[in-house]
Amino acid sequence: MSKKSEEKSFIKGLGWCGFGVGSNSASVDVKDGKVIRIRPFHFDDEYAPEDMKPWKIKARGKVFEPTMKSLLPPFSIAYKKRTYSPNRIPYPLKRVDWDPNGERNPQNRGKSKFVRISWDEATDLVASELERVQKKYGPLSVLAQADGHGDTKCIHGPHGCQTKLLNIMGGYTLQARNPDSWEGWYWGAKHVWGQDPVGQGNQNNLWQDVAKNTGMLLYWGCDQETNTWGWSGQQASRLSYWFTELGIRSIYICPDLNYAAAVHADKWIPVNPNTDAALQFAIAYTWIKEDIYDKEYLATHAHGFDEFKKYVVGEVDGIAKTPEWAAPLCGVPSRTIKALAREWAEVATTIVHCNGGSFIRSTYSSEPGRLEICLLGMQGLGKPGRNQLKMIEWGLFGMDSQVPHPRAEVIPNASGAYNGMFSDMPQQFIPKTLIPEAILSDTQISWHGTTLNSSPREDQFIEYKYPIDDGGTEIHMIWTDTPCWTTCWNGGNKMIEALRSPKIEFVLAQHPWLENDCLFADILLPINTKLEEEDFSVDQFSGQFHQVFYEGQCMEPLFESKSDYEAVCEVAKKLGLYEEYTKGKSVEEMIQSGYQVCGIADKISYEEFRKKQYYVVPTAEGWEDDPAGFEPFCQDPESSPLQTPTGKLEYFSTELAEYFPDDEERKPVPQWIPYGESHSESLLHPRSEKYPFLIVSNHPRWRVHANMDDFTWLREIETCKVRGADGYMYEPVWINPIDADKLGIVNGDIVKVLNDRGMVLGGAYVTERIIPGTVYQDHGARLDLIVPGECDRGGANNLIAPGQIMSKNCAGEVTSGYLVDVEKADINELKANYPEAFARKYHKDAGIVIDSWIEGGV
Ligand SMILES: Nc1nc2c(c(=O)[nH]1)N[C@H]1C(S)=C(S)[C@@H](COP(=O)(O)OP(=O)(O)OC[C@H]3O[C@@H](n4cnc5c(=O)[nH]c(N)nc54)[C@H](O)[C@@H]3O)O[C@H]1N2
Ligand SMILES: Nc1nc2c(c(=O)[nH]1)N[C@H]1C(S)=C(S)[C@@H](COP(=O)(O)OP(=O)(O)OC[C@H]3O[C@@H](n4cnc5c(=O)[nH]c(N)nc54)[C@H](O)[C@@H]3O)O[C@H]1N2
Ligand SMILES: [Mo]
């Protein structure tokens, strides 16, 4: 008689920051070995609310406090669709025409199919290739792409497991992750207000400060209804409603009426993409001209304000940065600029961001990044209600914010690394933004800074090279566990060229899903999702409670998949390095170490932790009295100086003047730079005659970057995918009716988005939620290549983003706010020209499926 099926429930910290940090707690219900549902978790299941000491913010007669259940984003609730995705790599695969003993056919990467092999064969091949390449060229010839967001796994990955093995084997070359989220803050704002190690401002106790003191919130390139879904859950949504209830005005400055603006905005001020600097200068000009800025504050808190003022009023270049000057550049009428400037000077104003919006990742982003700090300083940064508030990553990296409201009693610190936070930097590295150039170049390349966001400001002045002078070597093998470069970074088509270079003899990818850069691999190892593994994780971002979880294994791994860690273990075995790699530790022992290092060992015994499966960190006493944001600096800049060389807000950067005196693209004083030596991506540049639109490429509302583009439940939503006349689900391209009319485009049409770097297709979403002259398509769509390196059906617009770094001395990415043209596509013509690509099998909802890539199908 069969056993009666029983439901079991597990706790998982679901989120996408990776490395076991940043998750939101979920209950996972399992029946007969299958995950049947994922639902919010109730904090008070095992703990009495009194023990958790929930925080409470009281302001203007109202109260804000955490809910007793987790505020899961839709991605978490739907996550079983990712585990059971039809695109899972089922077993190890080898590219059909890659023969390590004969022809390697690098030119066919992205074109040729794969064939099934066993784990034994795959790991034999990997081990012998590793040994061969290292022997022939030296250990540094292996590039590890080991950063990236992803499943919040801790012990099992999701990234970097291979680096430990490569270290044992003598070293490797690291793909150093550029500051991505924070380019403009990192390369710009840091030179005004210090703020090491990460990009943005001090967040301590700001929720309370805003609730009590702020009159106006400027959501400047901020969509907290979308961007918190990837990281923190729904707390920001509640908070935004509460701020409105308190009578605080909410102004949204962005080219698109984004999802938060649509529900929270008292006013939407549309701005042309990446022209914020013009608007910012005009605000500064209005304040100076009308004498409505905080001169007393600047006298004691600023360095070099006079130099800045000279530039603003036109004493340097003869151009006064008036609202009338700015209006045609940024698209905001001069009267609106003046009204905004005056209101800002009158009421306590805080600027709100998630991470800054995509103008912080565009050409010359250092300028709007640092201008924002200049503006905040002119109205007394750190005075009550005047700060910069973040809506995500609350408590990230032990910034003194921990959580903006309650200071946690203990700071969980999961074991494992975070991208951009390497503790043992290898000898040779290449900034992620420069990988294609490094591979394609025949000569040594150089840049400034390690580009890791954990590096201090001074590191930006150091010159680095690839290959290094002393014992350097070019890379000849790539081992990636983050195969989405092409749809996530700058100049993806150039990366495709690099991936097909004959210099690269072997590409190894380990990944759960067959997509994006996996198509360019020679060997693919199948990886599982966190529901299939036993692990440990920490929630630091939800803005509810800090939590530590023991995560039970919900189900058996699907097909032949293994975790990232186990996959590397299999390779280590073949190399005879298994014991050394695992240090003889079992997963159980590693979970125990995680418990030990995360700071809860004196709060709860290991046995109890395992029994309850989670620990909620109680809110610390006295958090309400902690100073808010820049309050200490504001009150006494001498005893609480900034981390800049002068300890003050540097309107004139002393170090940029010293180290880069000739850099026209990042001068000591912020500038308006529409185009320059490095870039021509501006409507003011003649190139715009051919490519008359600016494209905005936000973080995807219905994905987290490259993750989850095949969630069938979400793809039904009209802003998630547009079903074309051919039945294919295209990535939406928002276009204003005025532009659509001119181009003869109607809602639902298949359109081409193109420039001199290539073309991607999309589905027209005709809407007034985007300004004329600008089109918007989210980033991270799955590649569905028509011609590798040229055109793509999936809508992965990073393929046509500029390949160059942000500016001469800033090795950041440019992934939004660049020139494109838009045309209505003739699908019959495309089908006739590219029969193979258009004949690929696709799931009616989940998009392109892997059957088309595996010889004989799955
Ligand atoms: N156009 C445009 N581009 C941008 C930006 C933008 O604003 N606009 N923003 C930039 C920013 S801020 C960021 S952070 C980056 C994000 O870029 P990434 O961090 O590179 O992107 P992700 O898709 O989150 O994750 C990387 C890869 O890890 C995989 N992965 C997930 N879980 C696991 C796992 O457990 N094991 C393995 N082996 N792999 C796993 C994912 O499927 C994906 O292929 O994009 C940048 N690119
Ligand atoms: N759903 C979801 N959530 C995520 C992520 C995800 O991929 N998906 N990624 C996570 C990561 S790694 C990060 S770094 C954060 C990113 O957080 P952010 O940097 O805040 O997010 P973005 O989507 O780049 O941009 C936010 C808003 O900026 C506006 N904007 C775009 N261009 C411009 C411009 O030129 N000027 C102005 N003023 N506004 C502009 C748009 O309205 C857009 O909605 O989100 C995190 N959360
Ligand atoms: Mo990011």
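Definitions and cut-offs
Residues numbered from 1 in each chain as written. Chains lettered and ligands numbered in written order. Predicted model: local features only at pLDDT ≥ 70, side-chain atom pairs only at ≥ 80, totals over all residues. Heavy atoms only, no water. Helix = DSSP H or I, 4+ residues; strand = E, 2+ residues; numbered from the N terminus. Rg over C-alpha atoms; globule rule 2.2 N^0.38 Å. Buried < 20%, exposed > 50% of the residue type's maximum accessible area, 1.4 Å probe, protein only. Contact = heavy atoms within 4.5 Å. Lys, Arg positive; Asp, Glu negative; His and termini not counted. Charge placed at Lys NZ, Arg CZ, Asp CG, Glu CD. Near = heavy atom within 4 Å. Polar contact = N/O pair within 3.5 Å; in protein donor to acceptor, adjacent residues only side chain to side chain. Nonpolar A, V, L, I, M, F, W, Y, C, P; charged D, E, K, R; others polar. 1 Å grid on protein atoms, 1.4 Å probe; cavity = no way out; pocket = protein on both sides within 12 Å on 5 of 7 lines; lining within 4 Å. Points joined across faces, edges and corners; volume = space filled by probe spheres on them. Pairing = 2+ DSSP bridges. Axes fitted to C-alpha atoms, helices over the stretch in contact; angles between N-to-C directions. Phe/Tyr/Trp six-rings, centres within 6.5 Å; stacked < 30°, edge-to-face > 60°. Lys NZ or Arg CZ within 6 Å of the ring centre and 35° of its normal. Areas by Shrake-Rupley, 256 points an atom, 1.4 Å probe, with all protein chains shown as cover. Salt bridge = Lys/Arg side-chain N within 4 Å of Asp/Glu carboxyl O. Core = buried A, V, L, I, M, F, W, Y, C linked by side-chain atoms within 4.5 Å. UniProt positions renumbered as here; feature names shortened; annotations may be inferred. Parallel < 35°, antiparallel > 145°, perpendicular 65-115°, else oblique.

Peer 1: Is there a simple way to explain the overall build of the protein in this structure?
Peer 2: When helices and strands are tallied, the protein shows 29 helices and 37 strands. Relative to a compact globule of 858 residues, whose C-alpha radius of gyration would be 29 Å, the protein shows 26 Å and is just as compact. Each principal axis of the C-alpha atoms in the protein carries an extent, and together these give about 80 × 65 × 55 Å. The proportion of buried residues among the 858 residues of the protein is 68%. Taking the contacts inside the protein whose residues are at least 6 apart along the sequence as the reference set, 76% of them involve residues at least 24 apart. With 88 positive and 120 negative side-chain charges, the protein shows a separation of 4 Å between the mean positions of the two kinds.

Peer 1: What exactly am I supposed to notice about the site of ligand 1 here?
Peer 2: Neighbouring ligand 1 are 33 residues; Lys153, Cys488, His511, Asp564 and Ser697 lie closest to it. The side chain of arginine 177 places a nitrogen or oxygen atom 3.0 Å from an oxygen atom of ligand 1. Here the residues of the shell around ligand 1 sort into 8 nonpolar, 15 polar and 10 charged.

Peer 1: How do you make sense of empty space enclosed by the protein when you look at a structure like this?
Peer 2: Where empty space is left becomes clear once a probe the size of a water molecule has been rolled over the atoms. Evaluation of the coordinates by the stated rule reveals 7 cavities of 30 Å³ or more. The volume enclosed by the second largest cavity comes to roughly 80 Å³. Around the second largest cavity sit Asp709, Arg715, Lys721, Tyr728, Met729, Tyr730, Glu731, Arg782, Asp784, Gly794, Gly847 and Ile848, which together line it. Every element with two or more residues in the lining of the second largest cavity is listed here: β28 (729-730) and β37 (847-848). Taken together, the residues of the lining of the second largest cavity break down into 4 nonpolar, 2 polar and 6 charged.

Peer 1: Help me out: how do you make sense of the sheet that holds strand β1 (residues 7-14) in this one?
Peer 2: Picture the strands of a sheet paired through backbone hydrogen bonds; they go either parallel or antiparallel. Reading across from one edge, β1-β2-β3 is the order of the 3 strands in this open sheet, with antiparallel pairing throughout. Edge positions in the sheet fall to β1 and β3 (34-40), since each has one partner strand and no second. Neighbouring strand axes in the sheet, compared pairwise and without regard to direction, differ in orientation by 30° on average. Direction of pairing for strand β2 (residues 24-31) relative to β3: antiparallel, over a ladder of 6 bridges. Bridge assignment links valine 28 to a residue of β3, and that residue is isoleucine 38.

Peer 1: Would you mind showing me how to read the packing of aromatic side chains here?
Peer 2: For any two aromatic rings, the description comes down to two numbers: the centre-to-centre distance and the angle of the planes. Overall, the coordinates contain 39 aromatic pairs when judged by the stated rule. An angle of 70° between the planes, with centres 6.1 Å apart, marks the rings of tyrosine 259 and tryptophan 734 as edge-to-face. With a gap of 475 residues between them, tyrosine 259 in helix α10 (residues 259-264) and tryptophan 734 in strand β29 (residues 732-735) connect regions that are remote in the sequence. Accessibility classification places tyrosine 259 together with tryptophan 734 in one group, the buried group. The aromatic ring of tyrosine 91 is capped on one face by arginine 116, whose charged end is 3.9 Å from the ring centroid. Above the plane of the ring of tyrosine 293 lies lysine 295, whose end atom (NZ or CZ) is 5.0 Å from the centre.

Peer 1: Looking at this structure, I do not really get the pairing of strand β26 (residues 693-696). What am I missing?
Peer 2: The side chains of a regular strand alternate, residue by residue, between the two faces of the sheet. The side-chain alternation of β26 yields two buried faces, one formed by Phe693 and Ile695 and the other by Leu694 and Val696. Direction of pairing for β26 relative to strand β35 (residues 818-824): antiparallel, over a ladder of 3 bridges. Of the residues in β35, the one forming a bridge with phenylalanine 693 is valine 820. Pairing analysis gives 3 bridges linking β26 to strand β32 (residues 774-776), with the strands arranged parallel. Directly across from isoleucine 695, in β32, lies its bridge partner valine 775.

Peer 1: Please clarify how the site of ligand 2 should be interpreted in this entry.
Peer 2: Close contacts around ligand 2 come from 37 residues, with Asn227, Asp256, Asn274, Asp276 and Arg361 the closest. Taking asparagine 698, its side chain carries an N or O atom lying 3.4 Å from an oxygen atom of ligand 2. Computed on the free molecule, ligand 2 has an accessible area of 930 Å², of which 99% lies beneath the protein chains in the complex. If you tally residues by element for the shell around ligand 2, the top one is helix α8 (residues 227-230), at 3 residues. Class assignment for the residues of the shell around ligand 2 results in 16 nonpolar, 15 polar and 6 charged.

Peer 1: Please clarify how the sheet that holds strand β23 (residues 547-551) should be interpreted in this entry.
Peer 2: What the 3 strands build is an open sheet, ordered β22-β23-β24; its pairing is antiparallel. Among the strands making up the open sheet, the edge pair consists of β22 (535-539) and β24 (614-616). With strand direction ignored, the average angle separating the axes of adjacent strands in the sheet is 10°. Pairing of β23 with β24, which is carried by 3 bridges, proceeds in the antiparallel orientation.

Peer 1: Where do I start with the pattern of salt bridges in this structure?
Peer 2: Here the idea is simple: oppositely charged side chains can pair when their charged atoms come close. The tally for this structure, following the rule as stated, stands at 54 salt bridges. Between arginine 95 and aspartate 522 there is a salt bridge; the shortest N-O distance is 2.8 Å. Here aspartate 522 lies in the loop between β20 (506-511) and β21 (523-526) and arginine 95 lies in strand β6 (residues 93-95), a separation of 427 residues in the sequence. Given the relative accessible area of 0%, aspartate 522 is considered buried. Note that arginine 132 and glutamate 129 form a salt bridge whose closest N and O atoms lie 3.0 Å from each other. Remark: glutamate 129 and arginine 132 occur in helix α4 (residues 119-137); sequence separation between them is 3 residues, near one turn of the helix. Among the residues examined, arginine 132 registers a relative accessible area of 27% and is labelled partly exposed. Looking at glutamate 129, the relative accessible area reads 3%, which means it is buried. Look at the salt bridges and you will find they share partners, linking Glu7, Asp29, Arg37 and Arg39 into a network.

Peer 1: I tried to follow the nonpolar core on my own but got confused; where do I start?
Peer 2: By size, the foremost hydrophobic cluster in this structure holds 126 residues, and its most contacted members are Leu130, Leu165, Leu514, Ile523, Phe536 and Phe609. Broken down by element, the residue count for this core peaks at 7 residues, all from α4. Beyond its immediate chain neighbours, meaning those up to four positions away, leucine 130 contacts Val142, Leu166, Met169, Met477, Trp479, Val571 and Leu575. Grouped together as the second largest cluster of nonpolar side chains are 63 residues, Ala78, Ala628, Val704 and Cys720 included.

Peer 1: Looking at this model, I keep getting lost on the UniProt feature "domain: Molybdopterin dinucleotide-binding" (unreviewed entry) in the protein. Mind explaining?
Peer 2: As recorded in UniProt, the sites labelled "domain: Molybdopterin dinucleotide-binding" (unreviewed entry) are residues 729-802. Segment residues 729-802 splits into 9% helix and 39% strand. End C-alpha atoms: 26 Å apart.

Peer 1: Sorry if this is basic, but what is going on with the packing of helix α11 (residues 276-289) against helix α13 (residues 305-313) here?
Peer 2: Two packed helices can be described by the angle between their axes and the distance between those axes. Where α11 meets α13, the closest approach of the two axes is 10 Å, and the angle between their N-to-C directions is 105°. By the angle between their directions, the pair α11 and α13 is classed as roughly perpendicular. On the side of α11, the interface is formed by Phe281, Ala284, Tyr285 and Ile288, while α13 contributes Phe305, Phe308, Lys309, Tyr311, Val312 and Val313. A class-by-class count of the residues in the contact of α11 with α13 yields 9 nonpolar, no polar and 1 charged.

Peer 1: How should unusual backbone geometry be read in this particular structure?
Peer 2: Negative phi is the rule for most residues except glycine; trans is the rule for most peptide bonds. Backbone torsion omega between glycine 157 and proline 158 reads 5°, so that peptide bond is classified as cis. If you trace the backbone, proline 158 turns up in the loop between β8 (142-145) and α5 (161-168). Non-glycine residue threonine 451 carries a positive phi angle of around 70°. Its location among the elements puts threonine 451 in the loop between β17 (445-448) and β18 (463-466). Residue class for threonine 451 comes out buried when judged on its relative accessible area of 0%.

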